[in-house]
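Residue-level structure breakdown
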Amino acid sequence: MEARRPGRRLDLRVIARHRPADITQVPILRTSIATVSIAGNLTEKLAAIAEAGFDGVEIFEQDFIAHDGGPAEVGRMVRDHGLDITLFQPFRDFECLPEPYRTKAFDRARHKFDTMAELGTDMMLICSSVHPRSLGGIDRAADDLAALGDIATERGIRVGYEALAWGRHINDHRDAWEIVRRADHPNIGLILDSFHSLGRKIDPESIRAIPGDRIFFVQLADAPAIEMDLLYWSRHFRNMPGEGDLDIERFLRAVMATGYAGPVSLEIFNDQFRGGDPRRIARDGYRSLVVTMDDIRRQEPDTAPPRLPPRALAQGVSFAEFASRGEEAEALGRAFATLGFTRVARHRNKDLDLWAQGDIRFVINRETEGHAATSWNARGTCVCDIGLSVPSAHEAVTRAEGLRLSPFAQPLGPGEMEIPAIRGLSGSVLHLIDAAHEVVWDQEFVTETEPESDAGLTTVDHIAQTMSYDEMLGWTLFYTALFDMQKAPMVDVIDPDGVVRSQAVESRRGGGLRVTLNGAETHRTLAGSFLAETFGASVQHIALATDDIFATAEALAARDFAALQIPTNYYADLAARVDLPAEVIARMRKANILYDHDGVAGFFQLYSQALPGGVFIEIVQREPGYTGYGGPNAPFRIAAQKRLARPKGVPKD
Ligand SMILES: O=C(O)c1ccc(O)c(O)c1
Ligand SMILES: [Mg+2]
């Protein structure tokens, strides 16, 4: 088995307890995932799970029953993939039943034990009963489990008991543990599931009082903080650790403190994942598990040291590269000029122009071979590459590889510099640039013109990436797993033709990278049509910062900049609701500047009309303390963009 998966186990396993004096005794936490977590039939699920790198799989009974092949065949298929069956689940409504239900429940259990023997697994999950006839009673439950433990022992099977958050009598892991303790049977143990404990706001510190060898299995699931019925929340909205708002780390730290040495397994019931690409979801799951465990190793002095370099604190966007050709490339350059950029240099060997202003660099790439050409062939003019400034590109790329992100490289021409890169959204590329790479601009480019006057644009404030709604969680995880970035609360952007969900991720303390991830559900929204027309494009707009938006607006007007026209109604409403002098509002109206205030500080915005390829530029002035992205203005901005794209009288579809 090992030979089939070279090098994999070493990288990715977790050493739970680091005892230097007795290193051979270090238990290893294996990675696992429940088949219910991803889409497809059982065969497809197993292939995706193995490919993603997991050690084992929980066979969810429904997936097994739906499969056209017996338990022995399924067992073989699992092992042929190099996986173990870590758990067979769920067995429901077992404990505390009156006769004749009790006898029937034991008969059912015997039947499942037979199936498990053929599957080749020795661990079963019983979830706490929701049966209307269940009598309750801690000792009755303990007695039932102890009796089942005797039957299980004869067959070499162990049974773990899990408190469902909505269990009829047992819905708290502390009660489940009391039952297991009183059952006092070596083949009966406890199963912990982060969702059931954290979803019910049960303090995970209570886990530290449980002996690690009595915990038979641990399941992890995160979830977004939404107030709703526990069962509905659990069955539809669970997500990967780090994708939601539960404190998975605190839960897992408590588990590890007990000395638990079994698998750590993802059990994610999620509607999007059930309908998504199984390989992508399995990879996201694996990435979330590796990151979560590595974070714990970094924090807990009693565990082995982390395996991955720390998250990079991204400083910001070093460059944005546009793939373009012919007249579109010319038009793009003209648009940059109206924004106050200067074409400062050309590449020595390639058909690349470098446009600059302040610390902002835009590259126009007209090459007919390589990555930019491929992007152009697929999507026309688009942002094909983003360069991010990080303290150490090597460390960042090592971390990316540890997270099984795809590295990107293409052949270098003479005198060209190797800059590490990874694949980003929809086949786009992210270069990772550190101080040692900054010479690339002098080394590979020949200066043409020194920039003269500019429009006062200084840096990239944020980039906005558009994706299908299904991809949002995965990309949020991508940024937060790789970089030292945190999620802002999700906001709804109201488009006249639908809702676009927007999730900002931003560098923590001192970093300057901000990315908004916009998930479109329908092609009728502006984001959705951009996505459809550009075959899964990523960057839809780039926001550039100025310290004085009014001065910038004047400089742009002198360059024939085509601003997005904002209707008069907007300014009438603004005058009524915000505390700005009338003459400021009049200037804003003249220059088509929008305004938002988040209770702390203000934010000014000015939009370009669409550039070739549908990308647009936003210009922002962020007052100190403002943390948002002007979300409340999005409906007016989008309506204006749609008016422009769809002249009066032309039907929508
Ligand atoms: O939703 C359920 O029924 C269910 C079943 C088994 C589990 O392990 C679980 O956490 C939830
Ligand atoms: Mg569970």
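Residues numbered from 1 in each chain as written. Chains lettered and ligands numbered in written order. Predicted model: local features only at pLDDT ≥ 70, side-chain atom pairs only at ≥ 80, totals over all residues.

Turning our attention to the overall build of the protein chain. For the protein chain, the helix and strand inventory stands at 22 helices and 28 strands. Over its C-alpha atoms the protein chain spans a radius of gyration of 28 Å, differing by no more than 12% from the 26 Å that the globule rule assigns to 653 residues. Counting only C-alpha atoms, the protein chain reaches 85 × 60 × 45 Å along its principal axes. (Helix = DSSP H or I, 4+ residues; strand = E, 2+ residues; numbered from the N terminus. Rg over C-alpha atoms; globule rule 2.2 N^0.38 Å.)

This part takes up the site of ligand 1. The environment of ligand 1 is formed by Gln89, Pro90, Leu125, Cys127, Glu162, Leu164, Asp193, Gln219, Ser234, Arg235 and Glu267. Within the residue set of the shell around ligand 1, elements represented by two or more residues are strand 5 (84-91), strand 6 (123-127) and helix 9 (230-237). Split into classes, the residues belonging to the shell around ligand 1 amount to 4 nonpolar, 3 polar and 4 charged. (Near = placed C-beta within 6 Å. Nonpolar A, V, L, I, M, F, W, Y, C, P; charged D, E, K, R; others polar.)

A few words now on the UniProt feature "binding site: Mg(2+)" (unreviewed entry) in the protein chain. This chain's UniProt record puts "binding site: Mg(2+)" (unreviewed entry) on His462, His541 and Glu618. In sequence the annotated residues extend across 157 residues, while in space they remain close, none of their C-alpha pairs exceeding 9.3 Å. Within the secondary structure, His462 sits in strand 20 (residues 457-468). With residues near it in sequence (within four places) discarded, His462 still touches Arg514, Val515, Thr516, Ala543 and Tyr629. Mapped onto the secondary structure, Glu618 falls in strand 28 (residues 616-622). Since 21 C-beta atoms lie within 10 Å of it, Glu618 is described here as buried. Apart from the residues lying within four places of it in its own chain, the contact partners of Glu618 are His541, Ala543, Gln605 and Tyr607. (UniProt positions renumbered as here; feature names shortened; annotations may be inferred. Contact = placed C-beta atoms within 7 Å. Buried ≥ 20, exposed ≤ 12 C-beta atoms within 10 Å, placed from the backbone.)

At a closest axis distance of 7 Å, the pairing of helix 4 (residues 71-80) and helix 5 (residues 101-119) adopts a crossing angle of 40°. When the axes of helix 4 and helix 5 are compared, the pair comes out oblique. Between helix 4 and helix 5 lies a crossing whose hand is right-handed. For the pair helix 4 and helix 5, contact is made by Pro71, Ala72, Val74 and Gly75 and by Thr115, Glu118 and Leu119, respectively. (Axes fitted to C-alpha atoms, helices over the stretch in contact; angles between N-to-C directions. Parallel < 35°, antiparallel > 145°, perpendicular 65-115°, else oblique. Left-handed = near helix turned anticlockwise from the far one by under 90°.)

To continue, consider the pairing of strand 11 (residues 316-323). Counting buried residues along strand 11, 8 of its 8 residues qualify, which places the element largely inside the surrounding structure. Note: strand 11 against strand 15 (residues 382-389), 7 bridges, orientation antiparallel. Paired with Phe322 across the bridge in strand 15 is Val383. Where strand 11 and strand 14 (residues 360-365) come together, 4 bridges link them in parallel fashion. What sits directly across from Phe322, in strand 14, is Ile364. (Pairing = 2+ DSSP bridges.)

Ile49, Tyr161 and Leu190 are the most contacted members of the largest nonpolar core, which has 182 residues in total. Once you skip the residues sitting within four places of it in the chain, Ile49 turns out to touch Ile33, Phe54, Val57, Leu83 and Ala282. Counting 8 residues, the second largest nonpolar core, distinct from the first, contains Val500, Ala527, Phe530 and Ala634. (Core = buried A, V, L, I, M, F, W, Y, C linked by C-beta atoms within 7 Å.)

Turning next to the UniProt feature "binding site: a divalent metal cation" (unreviewed entry) in the protein chain. When the UniProt feature table is mapped onto this chain numbering, "binding site: a divalent metal cation" (unreviewed entry) sits at Glu162, Asp193, Gln219 and Glu267. These annotated residues cover 106 residues of sequence, but their C-alpha atoms sit close together, with the largest distance between any two at 12.8 Å. Turning to its location among the elements, Asp193 is positioned in strand 8 (residues 188-193). Asp193 sits in the buried class, given 25 other C-beta atoms within 10 Å. With respect to the secondary-structure elements, Glu267 resides in the loop between strand 10 (264-266) and helix 11 (271-274).

Our next topic: the environment of Val499. Residue placement: Val499 occurs in strand 23 (residues 498-507). The sequence separation of Val499 and Thr525 amounts to 26 residues, and the corresponding C-alpha distance is 7.3 Å. Each residue touching Val499, except ones within four places of it in the same chain, is listed here: Asp492 and Ile494.

This brings us to the packing of helix 5 against helix 6 (residues 138-154). One can describe the packing of helix 5 onto helix 6 by two numbers: an axis separation of 11 Å at closest approach and a directional angle of 25°. In terms of orientation, helix 5 and helix 6 fall into the roughly parallel class. Crossing geometry of helix 5 relative to helix 6 is assigned as right-handed. Taken together, the residues of helix 6 that come into contact with helix 5 (itself represented by Phe106, Ala109, Arg110 and Phe113) are Leu148, Ile151 and Ala152.

Moving on, we come to the sheet that holds strand 13 (residues 352-357). Across the sheet, 9 strands lie side by side as 16-17-18-15-11-14-13-12-19; this open sheet has mixed pairing. Pairing within the sheet leaves two strands with one partner each, and these edge strands are strand 16 (407-408) and strand 19 (445-447). In terms of strand pairing, strand 12 (residues 342-347) meets strand 13 through 4 bridges, oriented antiparallel. Opposite Arg346, over in strand 13, you have Asp353 as the bridge partner. Contacting strand 11, strand 12, strand 13 and strand 14, helix 13 (residues 326-338) crosses the sheet at an angle of about 165° to strand 14. Its contacts with the sheet place helix 14 (residues 371-379) against strand 11, strand 14, strand 15 and strand 18 (429-433), and it is angled at close to 140° to strand 15.

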